[in-house]
Structures are given as C-alpha cells and as structure tokens.
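# Working through the structure, step by step
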Amino acid sequence: MPELPAPGWSDPALVVLVGTSGAGKSTWAAERYRNAEIVSSDQLRGVVGSGPNDLDASADAFALLGVIVRARAARKLTTVIDTLGLDRARRQEYLELARSAGLRAVVVVFQTPAALSRARNSARDRPVPAAVLTGQHKRLRGATAEISTEGWDQQIMVTGAAVAPTSEPVTEPELPTPAAREMDFVLQLSRFPWGVDPAGWLAGIARSAADAGFSGIALMDHLIQIPVVGRAWEPIPEPWVTLGLLAGLDLGLRLGTLVSPITFRAPGIIAKAAATLDVLTGGRAFCGLGAGWWQREHAAFGLPFPSARQRLDQLELTIETVRALWSPGTRKYCGQRLELPETTCYPRPVGRIPIIVGGSGERRTLQIAARYGDGCNLSSDPEVLAGKVEVLRRHCAQALRDPAEVAVTVLDVPIIGADRDEVAEGIERLRGRSAATTLVRRAGPPADHVARYRRLAGLGVSTVFLAPAELRGPADVAQFAPVVQAFD
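It should be emphasised that the depicted structure is a prediction, and the values quoted were computed from it without experimental measurement. (Residues numbered from 1 in each chain as written. Predicted model: local features only at pLDDT ≥ 70, side-chain atom pairs only at ≥ 80, totals over all residues. Heavy atoms only, no water.)

For the rest of this paragraph, the subject is the overall build of the protein. Helix and strand counts for the protein stand at 18 helices and 18 strands. If you line up the protein on its principal axes, its C-alpha atoms span 95 × 50 × 45 Å. Buried positions account for 51% of the 488 residues belonging to the protein. The long-range share in the protein, meaning contacts at least 24 apart out of those at least 6 apart in sequence, stands at 74%. (Helix = DSSP H or I, 4+ residues; strand = E, 2+ residues; numbered from the N terminus. Buried < 20%, exposed > 50% of the residue type's maximum accessible area, 1.4 Å probe, protein only. Contact = heavy atoms within 4.5 Å.)

Now the structure itself:
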C-alpha cells in the first residue's frame, strides 16, 4: 500500500482522525502536519485540566476544541482533529462544518491491530484500562461501517504503517516521472527588487528561469506597482524596453507581456514593439492584451480612462489593428472597425505572434477572446476556472471557432517551500498582501504544486504564467525547477 504523502495533497482540509488509544494517530499526524494544524483533545485537557489524562476536564477540552476548529475552518485553514473520533454525532458535526466552510472533508481511520494498540497503551505512563480499550475496539468496528455512508470527500484506512485509500486515489509523494510535455510554464515577473544592478538582477532571473525549465518570461505591464504585489514606490519597469534587454541574452525563452492595457499605447505602437521583439527573439514573442482596470495609474500619467464598454471596444480595435499591421504586404486595409491606407510595418514578425486576451468578463471579454484571441488568461482557482472555460467554449461555438484554437492559460501566484513549516513561514511573511485563506490555497511543497497543476491541465489549461509570491532573486525561481520539470 502506498504511504500517504506529507499533506498538501488535500489542502485546505478538515481531517478527522478515528482510532483507538494506542492506534498511532498522534504520531501519524505529527509526522505529516505542523503542530499548529493539529487540535488534540488530550493536549487541551492539559490546558484546561491538570494534564492530558484528566478525564474530568473532557467537557471543557472538547468545548475549547470546537471553538478552535470552527475558527480555523472559518479561515479555511487545514485542521487535523486528533480525538478518538468514535462518536458519530461529533463526526457529523465536523463534516457539516467542513461543508459550510468549503473545506475538503477527510477522515483517516486507524485499523491498528488490537495487539499492537494494547502494547503501545501498556507502555504509556498512564495507560487506558484494558476494559476501556476493548470497548474502543468494539466501537471502532461500528464506526468503520458508519463512515462509509457519511459522505466524506476522502477516506483513508491506516493499518499499522500502511495506508490504503478507500475512495479516490491519494496523490503520490514523489514528483511524477516526466512524460510528454502537457503544460508549459512561463515565469511572470511582477516584482523587481533589483537593488543597484537592475540589468544584472534581470539577467540572473532569466538564466535561472531557463535552467529551471521555464519556456518563457512574461512581464506585468503597469505604470505604478499595484497594491497586491508591492508598494507604489517600488520599481515597475516599462516592459517592452525590458523585454529587449532579455532578448539580448539569447536564452531561447519566449518573451512577452501579461498583459498590456490597450489604454497605454496606440494599437500601431503595440504592433511595432511586438513585431520588433519577435524578430529579435527569432519568432518567440507573444502579446498579452487587456482592457485595463486601474484608474489611478491612468490619472497619474495623464492618460484617458474611458468607460469599461469603450475600453473593450478599443481592445477589439487593437487586436484588429495589430493583426492588419502584421499581415504580409503593404496593401490598404479595410476591416470591420478601421481602415488603414497602408500596412507598412517592418520588420514583419517571424511568424504568427500569439495574442493572449486577459480578463474573465463572461459577456464581453471572453467573447473577444473567443473571436479574436489565440489564448485567454483566466483565474487559477479550479472552481472558478471550470465555469469560465465553459463560457469561453460557448463563445467559440457561437463564433464558429474550434475551442482548441483558443488556448486556456492561467496566472498563478504560488508559495513554495521544502516542507510545511517553510511554507507556513512564507504565508506569514506574505499575510497582508492577500487574505490568508487565499494564500493557503496556493501554498505547498513542490509535489503539492505538481498535483495542483495536473488538476488545471485536466481542465484544459495549456500554459501557467507562474508568478512566485516571493521573488527576491534567482534562488526563488530555482525552487520551482522540480515543478516545471515534472511536466517536461
């Protein structure tokens, strides 16, 4: 039987342990979870009573346990409930709590042989009376039968040292063996803590990305650093100039923006910049375009900020314009929205430059992506993504386009660490930029991210624009090498 991996496989989750005294529940949990994630009735007896064996304090300990579990569930934090778990009413309460909080509900049943649990129990300073332990084993048999009908998202059976899934398979702890490339990863740069050597920092990041197996680099296009990423006075370089520097490194990476607001530059200027980048990279440019959303940066730089409808109209016009200017020849262009007396735009792109439409508005933005885009960049939240992909496909059908012609991409901002403690430290450092509940869903060691991206691949995602939540230098990029290379 495969051993259950160090968790992350079901984060965030409410995990309920079920087993007799001496079954090994506490040891099992301690090997897989951080202390802060485990809520133990024995430990709480020691808090509200004279010690973990103070049964007179049980009522207060369980009342406190309930308060802690409800508070953590409300924040969508993974929580392991370490009690006997033999009481069906309490299990049902935990299951309903997980449902209401939107957490994955996992039950782990310890089918430890009676002889082994008795031996462990007898070795304790304060063993449970033999008759009580016998009663627990009897109750466990009944609980095991009940659990199969209770509706848990995942049931895990632990027999001694072995773990057997009784519902869906458990993600393996090892990183998958590389197979055919099923997903591309593009490093998305949104923070630039480059110190006194901007060019050197950028070069180091790019080389680390190439070494890690990233297929490209994308730059965020803003005039002022956005609040969710950093502070307004932190550097945020003009992307097309910066991409020129990266092109000069000749690392074989795809280069482009994710995404350029069409309010910043005239369509023809975008066409010229992207075509030039495509030539400099030997045909590896891409162009992310969006309607723009942040009024503050427009006002600060003296740029008009039209209504949402006008900006979306401009997005359609921009795509038509750049396509016209990238087309062969210098003939006059007469299209749906514009006329150009000539299409003299040299150098021409080496090939077709992919246009990735950013935004998830279902009525208009996804319609524009379906009609005119080569890709559409969406949320990496699987629950949100599934619905957006379905809408995108409907728009493709209405536009008489094969959905396969419009790639589904996502922007993901993961937190990575070697183990759960390191991941938790990262979450604490980043708390404030985003809600902790949001951070937890994108946090974990490499194997967790591989499993998460495999799920996205199953929803049709072909490219992940990966923006590390913490990006200080090349080492932060290198941490993702095992994740990226799992999809080579």
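The rest of the description comes next.
This paragraph deals with the sheet that holds strand β7 (residues 184-189). Spatially, the 8 strands close up into a barrel ordered β7-β8-β9-β10-β13-β14-β15-β18, and their pairing is parallel. For this sheet, the mean inter-axis angle between neighbouring strands, taken without regard to orientation, is 25°. Strands in contact with helix α8 (residues 239-247) are β8 (216-219), β9 (254-261) and β10 (285-290); relative to β9, the strand with the most contacts, it is inclined by about 175°. (Pairing = 2+ DSSP bridges. Axes fitted to C-alpha atoms, helices over the stretch in contact; angles between N-to-C directions.)

Another aspect to go through is the environment of Asp56. Structurally, Asp56 is set in the loop between α2 (41-48) and α3 (58-74). Residue classification places Asp56 among the exposed residues on the basis of a relative accessible area of 77%. For Asp56 and Gly24, which are 32 residues apart along the polypeptide, the C-alpha to C-alpha distance reads 24 Å.

Mean pLDDT over the protein stands at 89; residues scoring 70 or higher make up 92%. This model gives residues 1-9 a pLDDT under 50, and the stretch forms 30 contacts once residues within four places in sequence are excluded. Note on residues 161-180: pLDDT under 50 across the span, and 52 contacts to partners over four residues away in sequence or across chains. (pLDDT = per-residue confidence, 0-100.)

Taken as a whole and assessed by the stated rule, the structure comprises 8 aromatic pairs. Centroid distance Phe185 to Phe487: 5.3 Å. Interplanar angle 55°. Geometry classified as tilted. Of the two residues, Phe185 sits in strand β7 while Phe487 sits in the segment after α18 (481-485), which places them 302 residues apart along the sequence. One exposure class covers both Phe185 and Phe487, and it is buried. Taken together through their ring pairs, the aromatic side chains of Trp28, Tyr33 and Phe110 make up a single cluster. Directly above the ring of Phe62 sits Arg90, whose terminal nitrogen or CZ lies 3.8 Å from the centroid. The residue whose ring lies beneath Arg348 is Tyr346, and the NZ or CZ to ring-centre distance is 4.7 Å. (Phe/Tyr/Trp six-rings, centres within 6.5 Å; stacked < 30°, edge-to-face > 60°. Lys NZ or Arg CZ within 6 Å of the ring centre and 35° of its normal.)

In terms of nonpolar packing, the biggest core is built from 79 residues, with Phe185, Leu189, Phe214, Ile217, Trp326 and Tyr453 touching the most fellow members. The element contributing the most residues to this core is helix α11 (residues 308-326), with 7 residues. Once residues lying within four places of it in the same chain are set aside, the contact partners of Trp326 are Ala271, Ala274, Ala275, Cys287, Arg348, Pro349, Ile353 and Ile355. Formed by 26 residues, the second largest nonpolar core is a distinct cluster that contains Val16, Ala98, Val107 and Met157. (Core = buried A, V, L, I, M, F, W, Y, C linked by side-chain atoms within 4.5 Å.)

Let us look at the packing of helix α7 (residues 198-212) against α8. Relative to each other, α7 and α8 sit at 65°, their axes nearing to 10 Å. Pair α7 / α8 crosses with right-handed handedness. Between α7 and α8, the contacting residues are Ala199, Leu202 and Ala206 on the first element and Thr242, Leu245 and Leu246 on the second. (Left-handed = near helix turned anticlockwise from the far one by under 90°.)

A few words on unusual backbone geometry. A cis amide bond links Leu258 with the next residue in sequence, Val259, at an omega value of -20°. With respect to the secondary-structure elements, Val259 resides in strand β9. Cis geometry marks the peptide bond from Tyr346 to Pro347, where omega comes out at 5°. For Asp250, which is not a glycine, the phi torsion comes out positive at approximately 55°. For Leu400, which is not a glycine, the phi torsion comes out positive at approximately 60°. Following the sequence through the fold, Leu400 ends up in the loop between α13 (382-398) and β15 (407-412).

It is worth spelling out helix α14 (residues 420-430) at this point. Taken residue by residue, α14 has Arg420, Val423, Ala424, Gly426, Ile427 and Leu430 as its buried positions. Buried residues of α14, viewed axially, fall in a sector of 155°; they line one side. Where α14 begins, one side-chain oxygen reaches toward the backbone nitrogen of Asp421, 3.2 Å away; that side chain belongs to Asp419. (Arc of directions from axis to C-beta. Polar contact = N/O pair within 3.5 Å; in protein donor to acceptor, adjacent residues only side chain to side chain.)

A separate point is the side chain of Ser58. Relative to the elements of secondary structure, Ser58 occurs in helix α3. Residue Ser58 is classed as buried on the basis of its relative accessible area of 16%. One polar contact links Ser58 to Arg45, side chain to side chain, over a distance of 2.9 Å.

Let us look at the pairing of strand β4 (residues 104-110). With 6 of 7 residues buried, β4 is to be regarded as a mostly interior element. Relative to β4, strand β1 (residues 13-18) is paired through 6 bridges, and the arrangement is parallel. Bridge assignment links Leu17 to a residue of β4, and that residue is Val108. As paired strands, β4 and strand β5 (residues 154-159) are joined by 5 bridges and run parallel to one another. Paired with Val108 across the bridge in β5 is Ile156.

To continue, consider a negative patch on the surface. On the surface, a cluster of negative charge is contributed by Asp419, Asp421, Glu422 and Glu425. Counting through the fold element by element, Asp421 comes out in helix α14. Here Asp421 falls in the partly exposed class, since its relative accessible area comes to 45%. (Patch = residues over 30% accessible without salt bridge, like charges linked within 9 Å, V, L, I, M, F, W, Y side chains within 5 Å. Areas by Shrake-Rupley, 256 points an atom, 1.4 Å probe, with all protein chains shown as cover. Salt bridge = Lys/Arg side-chain N within 4 Å of Asp/Glu carboxyl O. Lys, Arg positive; Asp, Glu negative; His and termini not counted. Charge placed at Lys NZ, Arg CZ, Asp CG, Glu CD.)

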